[in-house]
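Letter by letter, the chains look like this.
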Amino acid sequence: TQLLEQSPQFLSIQEGENLTVYCNSSSVFSSLQWYRQEPGEGPVLLVTVVTGGEVKKLKRLTFQFGDARKDSSLHITAAQPGDTGLYLCAGAWTGANNLFFGTGTRLTVIP
Amino acid sequence: GAGVSQSPSNKVTEKGKDVELRCDPISGHTALYWYRQSLGQGLEFLIYFQGNSAPDKSGLPSDRFSAERTGGSVSTLTIQRTQQEDSAVYLCASSLGQAIPGGQFFGPGTRLTVL
């Protein structure tokens, strides 16, 4: 049983389209992170959200942490081929030693 | 380089053999993590080291898996009597203290194939 479920699992879109990826849990997390992983490499941190309802923007990427701190979303505007990769959410509890990673969303942006 | 490095990048072994995977964390990072990733899926936590504290081994799937960290720096993950289900990418990460908010810095991983 996965603590964090991501949807969709796979997403293939045309360049210029918008998309949203979801990360859901029945557990409350103290904070949540989003990572992107490209083939043959390790995940790279995109953002950390720590407050319920928080919204953070990183260029064309908008991240939101749910009010109840059980879910999060990643919205990409005008997707580019460089956005292609595996997107992973990861939740943490205060004082916990590790991150709990989601199931991942594999995004392909077609030129 | 300044990032996390792992070796070997690829390892092919026969069922029943032992393997050792190495991780060199970022200099000065006190926390070190090992994860396993199967078929491009999410990451499964294996073990966590923080400074001189006893490691958190709660994620190790069986007693065939062990890890050590020497001198608070380099870490080795050992898998004894490998099985085909051990085939995966093993990722190492390090961080300054807790992973929040600065995040974990990952190495490129070791792809293990057990024949």
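Each remark here, short or long, concerns the structure printed above.
As a convention, each chain's residues are numbered from 1 in the sequence order in which they are written. Chain letters and ligand numbers both follow the written order, the letters beginning at A and the numbers at 1. Note on the predicted model: pLDDT of at least 70 is required for a residue's local features to be given, and 80 or more for side-chain atom pairs to be given and counted; whole-chain, interface and lining totals, by contrast, use all residues. Computation of side-chain values covers all heavy atoms of the structure but excludes hydrogens and water.

Draft legend 1. Local environment of unusual backbone geometry. Geometrically, the link from Ser7 of chain A to Pro8 of chain A is a cis peptide bond, its omega value of -10° lying close to zero. Mapped onto the elements of the fold, Pro8 of chain A is located in the loop between strand S1 (5-7) and strand S2 (10-14). Between Ser7 of chain B and the following residue, Pro8 of chain B, the backbone shows a cis peptide bond with an omega angle of -10°. The numbering of helices and of strands both runs from the N terminus, where a helix is a DSSP run of H or I of at least 4 residues and a strand a run of E of at least 2. Among the secondary structure elements, Pro8 of chain B is positioned in the loop between strand S1 (5-7) and strand S2 (10-13). Positioned with a positive phi, Arg81 of chain B is a non-glycine residue whose angle comes to about 45°. When you line up the elements, Arg81 of chain B lands in the loop between strand S7 (75-79) and strand S8 (88-95).

Draft legend 2. Region of interest: the pattern of salt bridges. All names here are of chain A. A side-chain nitrogen of Lys or Arg and a carboxyl oxygen of Asp or Glu constitute a salt bridge if their distance falls within 4 Å. By the definition in use, this model includes 6 salt bridges over all chains. When the shortest N-O distance is used, the salt bridge between Arg60 and Asp83 registers 2.9 Å. A residue pair is termed long-range when its members are at least 10 positions apart, and Arg60 in the loop between strand S6 (55-58) and strand S7 (61-65) and Asp83 in the loop between strand S8 (71-76) and strand S9 (85-92) qualify at 23 residues. Note on classification: 1.4 Å probe, protein chains only; a residue is buried when its accessible area is under 20% of the maximum for its type, exposed when over 50%, partly exposed between these limits. For Arg60, a relative accessible area of 29% gives the class partly exposed.

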